[in-house]
Amino acid sequence: CFLCFAGYILIVSFSFKSLHAPLFSYALFDNRVLNWGVSIALVLLCSSMFFPALRELLDLVPISWFWIGVVIAWISFNMTLVEGAKWLLRTVHR
């Protein structure tokens with residue numbers, strides 16, 4: 001799923017700012033370049049899903065609100081896995 005993969009990559013970039021600390025223990029928005037990059041990519045991603053001309057150009061199908069919920073749940077699940085792996089590595093390497 002294009003939306004699942006692209007959304008996950010954008011959101012997980014904040015988690016990978018530090019592999020030694022939990023996601024919400026450091027300033028998430030202090031990197032202006034990362035913020036601009038993720039913002040622009042999110043606008044392009046949403047545009048590709050909601051504007052029919054871009055959907056046709058990229059050969060995408062419209063997505064229902066149910067599937068948007070599934071995408072959000074999938075991204076949340078993957079973020080939990082990433083944060084769990086970070087926690088495990090911190091615990092093992094103490």
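You'll find the structure just up there.
Residues numbered from 1 in each chain as written. Predicted model: local features only at pLDDT ≥ 70, side-chain atom pairs only at ≥ 80, totals over all residues. Heavy atoms only, no water.

A few points about the layout of surface pockets
Here is step 1 of the chain: Its boundaries defined by the atoms lining it, the largest pocket holds a volume of some 230 Å³.
Here is step 2 of the chain: Lining the largest pocket are Leu3, Gly7, Ile11, Leu42, Leu45, Cys46, Met49, Phe50, Ile68, Val71, Ile72 and Ile75.
Here is step 3 of the chain: Elements with a minimum of two residues in the lining of the largest pocket: helix 1 (2-15), helix 2 (32-50) and helix 4 (65-92).
Here is step 4 of the chain: With five residues, helix 2 is the single largest residue contributor to the lining of the largest pocket. (1 Å grid on protein atoms, 1.4 Å probe; cavity = no way out; pocket = protein on both sides within 12 Å on 5 of 7 lines; lining within 4 Å. Points joined across faces, edges and corners; volume = space filled by probe spheres on them. Helix = DSSP H or I, 4+ residues; strand = E, 2+ residues; numbered from the N terminus.)

Re the packing of aromatic side chains
Here is step 1 of the chain: One pass over the structure, following the stated rule, counts three aromatic pairs.
Here is step 2 of the chain: An angle of 70° between the planes, with centres 5.6 Å apart, marks the rings of Phe14 and Phe29 as edge-to-face. One end of the pair, Phe14, is in helix 1; the other, Phe29, is in the loop between helix 1 and helix 2, and 15 residues separate them in sequence.
Here is step 3 of the chain: With relative accessibility at 60%, the residue Phe29 sits in the exposed group.
Here is step 4 of the chain: Ring geometry for Phe66 and Trp67: centres 5.1 Å apart, planes at 80°, overall edge-to-face.
Here is step 5 of the chain: Assessed through its relative accessible area of 57%, Phe66 is described here as exposed.
Here is step 6 of the chain: What makes Trp67 partly exposed here is its relative accessible area of 47%. (Phe/Tyr/Trp six-rings, centres within 6.5 Å; stacked < 30°, edge-to-face > 60°. Buried < 20%, exposed > 50% of the residue type's maximum accessible area, 1.4 Å probe, protein only.)

Re the packing of helix 1 against helix 2
Relative placement of two packed helices is described by the angle separating their axes and the distance separating the axes.
Here is step 1 of the chain: Where helix 1 meets helix 2, the axes come as close as 10 Å, and the angle between the chain directions of the two elements is 165°. In terms of their interaxial angle, helix 1 and helix 2 are classed as roughly antiparallel. Considering how the two elements wind past one another, helix 1 and helix 2 form a crossing that is left-handed. Judged by residue contacts, Phe2, Leu3, Ala6, Gly7, Leu10, Ser13 and Phe14 of helix 1 engage Leu34, Asn35, Val38, Ala41, Leu42, Leu45, Ser48 and Met49 from helix 2.
Here is step 2 of the chain: Across the contact of helix 1 with helix 2, the residue classes tally to 11 nonpolar, four polar and no charged. (Axes fitted to C-alpha atoms, helices over the stretch in contact; angles between N-to-C directions. Parallel < 35°, antiparallel > 145°, perpendicular 65-115°, else oblique. Left-handed = near helix turned anticlockwise from the far one by under 90°. Contact = heavy atoms within 4.5 Å. Nonpolar A, V, L, I, M, F, W, Y, C, P; charged D, E, K, R; others polar.)

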